[in-house]
Protein chains: 2
Amino acid sequence: MQNSIEAVNELLVNLFNDILTIEKAALESGPFNDLTMTELHVIEAIGLTPRTMTQVAGQLGITVGTLTTTINRLLKKEYVLRNHAQNDRRFVEITLTHKGKLAHRLHESFHATMVKSIVDGMSEEDNTVLIESLKRLTEFFREQYDIKK
Amino acid sequence: MQNSIEAVNELLVNLFNDILTIEKAALESGPFNDLTMTELHVIEAIGLTPRTMTQVAGQLGITVGTLTTTINRLLKKEYVLRNHAQNDRRFVEITLTHKGKLAHRLHESFHATMVKSIVDGMSEEDNTVLIESLKRLTEFFREQYDIKK
DNA sequence: TTATATACTTTGAAAATCAAAATAATTTGT
DNA sequence: ACAAATTATTTTGATTTTCAAAGTATATAA
């Protein structure tokens, strides 16, 4: 049992590092290599519908001030648009440009390919087990540590 | 099938973000809260046996120059020692101090608690499925993207 | 209509990162 | 043996990422 814990922990830690390494390498060799990883994560967090600064910063666990500087750079690189909300002009609405949406889609498909590699080789039952395990882990975290979502 | 891919992807992405958030929160509220996340990751990468700069930097996917600055800070905070190897004085051997080993152990036990939460509630067979899934994913990455280990 | 609250940006400073140049130690080729 | 090449690391100069706190603009409440 202690053995399983060690094994799962090591696998998760390695997976973690591998995914970060691969994402970085994929980004640098792809068509959107003027983006940094931070910028790409911001693009992912924005997604396809307009989001406010507070929403995006909260989702990424960074301060709104930090996000402002990243958005400034993404504006200059023409990946996003910044507009005041017409109903309440305090709110800023961030939207992806066409280029931003392309980058978003490419990164999504990169993720899909990654995940496909596990799911494809699995039986239906094993697949269910994997999903349930991941769900349990996520739920445990959220309960235990009170994550806001 | 397309459905499973979406589900697993979303779960992995959430897990990823959650773990980062929780690790940061745990660090900030614990006894070693003078450490940044980067510094903690360096301490984890060093582990309990002496490592060289190139080894540690490679493992973390950062340049050796970047690592030097982090090690400088960890030296000042007394978490590590820096010594030349006696057989080949070009090599630097980084070792954890007593304090460094304590931080290392605390972080390890944090990880163990995390993982225990999944493994504990599982049957022996489901456990095997989870481990095999994670192994397959890791191996796929390493083959596909030629990660050095 | 002043005061308060909310959403965001700016500022100042530290930490994290890289590429390229510099330093130091070892190995290789002649 | 000794100059040249290689290897391991540090330093330098610059950019990015980050935060906390102060500042700005807009909306709500008293």
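Refer to the structure presented above.
Residues numbered from 1 in each chain as written. Chains lettered and ligands numbered in written order. Predicted model: local features only at pLDDT ≥ 70, side-chain atom pairs only at ≥ 80, totals over all residues. Heavy atoms only, no water.

J.: Tell me about the overall build of chain A, residues and numbers included.
T.: When helices and strands are counted, chain A shows six helices and three strands. Going residue by residue from the N terminus, the α and β elements of chain A occur as α-α-β-α-α-β-β-α-α. Overall, the C-alpha framework of chain A stretches about 55 × 35 × 25 Å when taken along its three principal axes. Long-range pairs, those at least 24 residues apart, make up 48% of the contacts in chain A between residues at least 6 apart in sequence. Carbon together with sulfur atoms contributes 53% to the accessible area of chain A, which is approximately 8300 Å² in total. With 17 positive and 20 negative side-chain charges, chain A shows a separation of 12 Å between the mean positions of the two kinds. (Helix = DSSP H or I, 4+ residues; strand = E, 2+ residues; numbered from the N terminus. Contact = heavy atoms within 4.5 Å. Areas by Shrake-Rupley, 256 points an atom, 1.4 Å probe, with all protein chains shown as cover. Lys, Arg positive; Asp, Glu negative; His and termini not counted. Charge placed at Lys NZ, Arg CZ, Asp CG, Glu CD.)

J.: Account for the packing of aromatic side chains, with residues named and values stated.
T.: All names here are of chain A. The final tally for this structure, using the stated rule, is two aromatic pairs over all chains. Judged by centre distance (6.1 Å) and plane angle (70°), the ring pair of Phe-32 and Tyr-79 falls under edge-to-face. In this pair, Phe-32 sits in the loop between α1 (2-29) and α2 (37-46) while Tyr-79 sits in the loop between α4 (64-76) and β2 (80-84), placing the two residues 47 residues apart along the sequence. The pair formed by Phe-32 and Tyr-79 is uniform in burial state, with each residue classed as buried. Stacked on the ring of Tyr-79, the Lys or Arg Lys-99 has its end atom at 4.5 Å from the ring centre. (Phe/Tyr/Trp six-rings, centres within 6.5 Å; stacked < 30°, edge-to-face > 60°. Buried < 20%, exposed > 50% of the residue type's maximum accessible area, 1.4 Å probe, protein only. Lys NZ or Arg CZ within 6 Å of the ring centre and 35° of its normal.)

J.: Which residues make up the environment of Lys-24 of chain B, and what values go with them?
T.: In this structure, Lys-24 of chain B sits in helix α1 (residues 2-29). Sequence separation of Lys-24 of chain B and Thr-36 of chain B is twelve residues, and the distance between their C-alpha atoms is 8.4 Å. Dropping the residues within four chain positions of it, Lys-24 of chain B is found in contact with Gly-61 of chain A together with Met-37 of chain B.

J.: I'd like to hear about the protein's contact with DNA strand D, residue by residue, with values.
T.: Around DNA strand D, the structure places 21 residues, and the nearest of them are Thr-36, Thr-66 and Arg-73 of chain A together with Thr-54 and Thr-68 of chain B. What you see for DNA strand D is that sugar and phosphate hold 82% of its atoms within 4 Å of the protein. Residue Thr-63 of chain A places a main-chain N or O atom 3.0 Å away from a phosphate oxygen belonging to DNA strand D. Arg-90 of chain B is positioned such that a nitrogen or oxygen atom in its side chain is 3.3 Å from a sugar or linking oxygen of DNA strand D. Those elements that provide at least two residues to the surface near DNA strand D are α4 of chain A together with α3 (53-60) and α4 (64-76) of chain B. Looking at the surface near DNA strand D residue by residue, the classes come out as five nonpolar, ten polar and six charged. (Near = heavy atom within 4 Å. Polar contact = N/O pair within 3.5 Å; in protein donor to acceptor, adjacent residues only side chain to side chain. Nonpolar A, V, L, I, M, F, W, Y, C, P; charged D, E, K, R; others polar.)

J.: So what about the relation of the copies chain A and chain B? Which residues, and what values?
T.: Rotating chain A by 180° and translating it 0.1 Å along the rotation axis places it on chain B, where the RMSD comes to 0.1 Å. Seen this way, the second copy is the image of the first under a two-fold rotation axis. In terms of C-alpha distance to the rotation axis, chain A has Leu-130 of chain A as its closest residue, with the C-alpha 2.9 Å off the axis. The overlap is high: 100% of the interface residues of chain A also sit at the interface in chain B, so the same surface is used on both sides. (Least-squares fit on C-alpha atoms with pLDDT ≥ 70 in both.)

J.: Describe the interface of chain A and chain B, listing the residues and the values that go with them.
T.: With 48 residues of chain A at the contact, the number on the chain B side is 48 residues. Carbon and sulfur atoms make up 75% of the area that chain A and chain B hide from each other, which totals about 5100 Å². The tally of links between chain A and chain B comes to zero salt bridges. At the surface where chain A touches chain B, the tally comes to two residue pairs in polar contact (both at pLDDT 80 or more). Elements represented by at least two residues in the side of chain A that touches chain B include exactly α1, α5 (98-119) and α6 (124-145) of chain A. The leading source of residues in the side of chain A that touches chain B is α1 of chain A, at 17 residues. (Buried area = accessible area lost by both parts, 1.4 Å probe. Salt bridge = Lys/Arg side-chain N within 4 Å of Asp/Glu carboxyl O.)

J.: An account of the protein's contact with DNA strand C is needed here, citing residue identities and associated values.
T.: Surveying the vicinity of DNA strand C reveals 21 residues, the closest of which are Thr-54 and Thr-68 of chain A together with Thr-36, Thr-66 and Arg-73 of chain B. Within 4 Å of the protein, the contacting atoms of DNA strand C are drawn from sugar and phosphate to the extent of 83%. Between DNA strand C and the protein, one listed contact pairs a phosphate oxygen with a side-chain N or O atom of Thr-36 of chain B at 2.8 Å. In the environment of DNA strand C, a phosphate oxygen lies 2.7 Å from a nitrogen or oxygen atom belonging to the side chain of Thr-66 of chain B. Classifying every residue of the surface near DNA strand C gives five nonpolar, ten polar and six charged.

In short, geometric facts, not functional conclusions.
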